[in-house]
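Each chain is listed here by its residues.
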Amino acid sequence: MLSPEEVQRRMEELEKQRALKRRKKQRKIISAIILLSFGIFLMVLTAYYSYHQGLTTVDMKANDEQRLSVLFIGIDQKSVSGSRADTIMLVSLNLKTGEAGVLAIPRDTRVYIPERNRWDRINAAHVYGGTQLVAKTVSEFLGVPINYYIQTDFEGFSKIVDTLGGIEIDVERDMQYDDYAQGLHINLTKGLQVLDGDKALQYVRFRDSLGDVSLVDPVTQSYGGRIERQRKFVTALIRQTLRPATIPKLPKLVGQIWDTVETNIPWNLALKLAFSAEEFELSKMTTAVVPGNSDTINGAAYWIPDRDKLETVVNMVVYGKEPPLTVEVLNGAGVSGLAGRVGEILRQIGYDPIRLSNADHFNYPVSQLIVGPNVDLDQVKRLSEVLEAEIIVDPKRNGQPDITLIIGKNYQI
């Protein structure tokens, strides 16, 4: 039996717990009020800005009213006429599911610009026709309708980062570079740190031996270079923005945004996005770079897109479709050229074999599909029916490729 003192002590502890719950509930209510206020503030500010700037919309309509495509364009200085776009990213938002995709487009990507009747780097479209031509060129290149655009310069980028209180980034290596002609000076040390606006700009502008973008591993389709750091930074920026501590700073951020960006986003959409902000999560975001490889044509360096792989990437990032499973094909029957022939069949039905080779021996009686525990078995079952292969789930398997196909002697050539 508890003594009166112990009873009193437990009652005090219970009251403290109740008070803590009340404070948490109050904080949630306050956060909701802040979000609502921010939405109304954004609506009024955008309406005012759009009215006084006389912005026009890109003449393109979305195929899916729940999904929006917003083109982000970064240039060096807004005051410089005819400047090339330094950064081009397409952001896809699904307002219904909260999914988001970010597709980074290397600025040296070789595309056809009808208005100029010539092939050129995609960032040159900004010189010829400004934001409107960049949006049209990207739309035709990707086969994606673009609804809206946001354009900013280096100064605006730095201000946004400073308003957020800096961005936490694990700088992967020491970065030193000086370009006195551009007034660009980069001096970053390796390690986890919070970058202010100036340091963040140094991070996303730094170029190493890989340049703007490089295909570093053709087997796993891994890319390196400056554009990969930009993708990494965008992810960190979104993570920072979604933190509860950032919400009170949003009104100030919006005020600075309208001083540093050009956009055609209308006020009613801005309001809808504000109220949908809580639906977006980092776990629902997919990022990618336009697949391809570097090449030199007539003495000029370009990023040459892989058109076949680009369609898969666009479906995954822009439209939220599941990518096809990656497959390696191993000849386990001993028939010469069998892996290559099966690989061609897989390509015809939508798969992209990343490796063709021989198995450890040629005495497999039945074809096998070896997969990890997280692979979509419905896709694997459809493939097993086509190949008459048995499915083996390896609980320790993780990573690429998704499927190892060993062709057995039962396979009919």
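All figures in this text were calculated on a predicted structure; none of them were measured in a lab.

Procedures and definitions
Residues numbered from 1 in each chain as written. Predicted model: local features only at pLDDT ≥ 70, side-chain atom pairs only at ≥ 80, totals over all residues. Heavy atoms only, no water. Pairing = 2+ DSSP bridges. Helix = DSSP H or I, 4+ residues; strand = E, 2+ residues; numbered from the N terminus. Axes fitted to C-alpha atoms, helices over the stretch in contact; angles between N-to-C directions. Contact = heavy atoms within 4.5 Å. Salt bridge = Lys/Arg side-chain N within 4 Å of Asp/Glu carboxyl O. Buried < 20%, exposed > 50% of the residue type's maximum accessible area, 1.4 Å probe, protein only. pLDDT = per-residue confidence, 0-100. Phe/Tyr/Trp six-rings, centres within 6.5 Å; stacked < 30°, edge-to-face > 60°.

A word on the sheet that holds strand β18 (residues 352-358). One open sheet holds the five strands; their spatial order is β18-β17-β21-β19-β20, and the pairing between them is mixed. Looking along the sheet, the strands with just one partner apiece sit at the ends: β18 and β20 (390-393). Looking at each pair of strands side by side, their axes are set apart by 20° on average, direction ignored. Pairing between strand β17 (residues 326-331) and strand β21 (residues 403-407): five bridges, direction parallel. Residue pairing for β21: Asn331 is matched across the bridge by Ile407. On top of the sheet, helix α10 (residues 377-387) reaches β19 (368-371), β20 and β21; it is set at about 165° to β19, its chief contact.

Counted by the stated rule, this structure contains 10 salt bridges. In this structure, the salt-bridge partner of Lys309 is Asp306, at a minimum N-O distance of 3.9 Å. What makes Asp306 partly exposed here is its relative accessible area of 26%. Across the pair Arg347 and Glu344 runs a salt bridge, and its minimum N-O distance is 3.6 Å.

Residues at a pLDDT of 70 or more form 72% of the chain, whose mean pLDDT is 78. Note on residues 24-64: pLDDT under 50 across the span, and 59 contacts to partners over four residues away in sequence or across chains.

Attention shifts here to the packing of aromatic side chains. Scanning the model with the defined rule gives two aromatic pairs in all. Centre to centre, the rings of Phe157 and Phe233 are 5.4 Å apart; their planes meet at 45°, and the pair counts as tilted. In this pair, Phe157 is assigned in helix α3 (residues 154-163) and Phe233 in helix α5 (residues 226-241), connecting sequence segments 76 residues apart. Judged by its relative accessible area of 18%, Phe157 falls in the buried class. The exposure class assigned to Phe233 is buried, which follows from its relative accessible area of 2%.

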